Amino acid sequence: MSTTDAETPRPAAQAQRLFTLPPGATEVLLLRHGSTVGTAEGEVFATSEDGHGDPHLSPDGEEQAVLLGERLAHEPIAKLFVTNLTRTHQTAARLMELTGLQPEVVADLREIHLGDWELGEYRVRIANRDPIIVRSFTEQRWDIIPGAERDEDFSARVRRGFDHVVAQAGPDTTVAAVVHGGVIAEMCRQATGSEPFAFLGADNTSINRFVVFPDGRVRLRSYNDTAHLDGLRAAQRSAGDADEEIV
């Protein structure tokens, strides 16, 4: 090494830094709705105009929604989206109250339609470990359920709804959409190339962050963030309440 080389200052190594949104990109927060009221064998949920089961939030779900809204109130969310199902509107209510955001309805982001098992029957079948449920999870397809929406159709409309949100958001923007567990799992699959049901089981009011680059690439940044529920869970454990089963 020459004397000149030894005396030449070297550029400082770049330290790792917190994430910042790349120029021209869009951040989309997909938020799962709060916990909904239960159903028992022989009971059915209320129905939306397009035939989807439309249960309201349970008292626990309402509390979850308040905690979610308070956590996100100070994030730079420019626009808010919901689906045409009541539970997403109720979940967005506290965030709307704190920020003044008025949501746009994106019906394409509604939950998978479960056909003959749509109005609460699915939950009963899950509890009873119905053989068709077992086969559905083994083969990782929804349309094994009688009359259910075709997986290919669901995938296409979820992406159509997601792309609409991105277009409405524009670049260099963060937006949030209150959606459903199946929708979150499908967008995670599309972003990561995973197995179809790999991300099925996102908790109620979980925050799931996606970055959409200017060239259309979608990256999953975080999945199932529920830090805002830590205090609620601790209180439930102290009271002896069981955690919700993940399926």
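Details of the structure are given in the entry above.
Figured I'd write up the structure that's included with this text. (Residues numbered from 1 in each chain as written. Predicted model: local features only at pLDDT ≥ 70, side-chain atom pairs only at ≥ 80, totals over all residues. Heavy atoms only, no water.)

On to the pairing of strand β4 (residues 173-179), then. The buried count for β4 comes to seven of seven residues, which makes it a mostly enclosed element. Side chains T173, V175, A177 and V179 project from β4 onto one buried face, and the interleaved T174, A176 and V178 project onto a second face that is buried too. Looking at chain direction, strand β1 (residues 26-32) and β4 are connected through seven bridges and run parallel. Of the residues in β4, the one forming a bridge with V28 is V175. Sheet analysis places strand β2 (residues 77-82) next to β4, joined by four bridges and oriented parallel. Across the sheet, F81 pairs through a bridge with A177, a residue of β4. (Buried < 20%, exposed > 50% of the residue type's maximum accessible area, 1.4 Å probe, protein only. Helix = DSSP H or I, 4+ residues; strand = E, 2+ residues; numbered from the N terminus. Pairing = 2+ DSSP bridges.)

What follows deals with the sheet that holds β2. Strand order in this open sheet of six strands is β3-β2-β4-β1-β5-β6, and the pairing throughout is mixed. Edge positions in the sheet fall to β3 (104-105) and β6 (218-225), since each has one partner strand and no second. Set on the sheet, helix α7 (residues 181-192) makes contact with β1, β4, β5 (207-212) and β6; between it and β6 the angle comes to about 140°. (Contact = heavy atoms within 4.5 Å. Axes fitted to C-alpha atoms, helices over the stretch in contact; angles between N-to-C directions.)

Turning our eyes to something else, we now look at the side chain of E186. Counting through the fold element by element, E186 comes out in helix α7. Ignoring anything within four residues of it in the chain, the contact list for E186 reads F154, S155 and V158.

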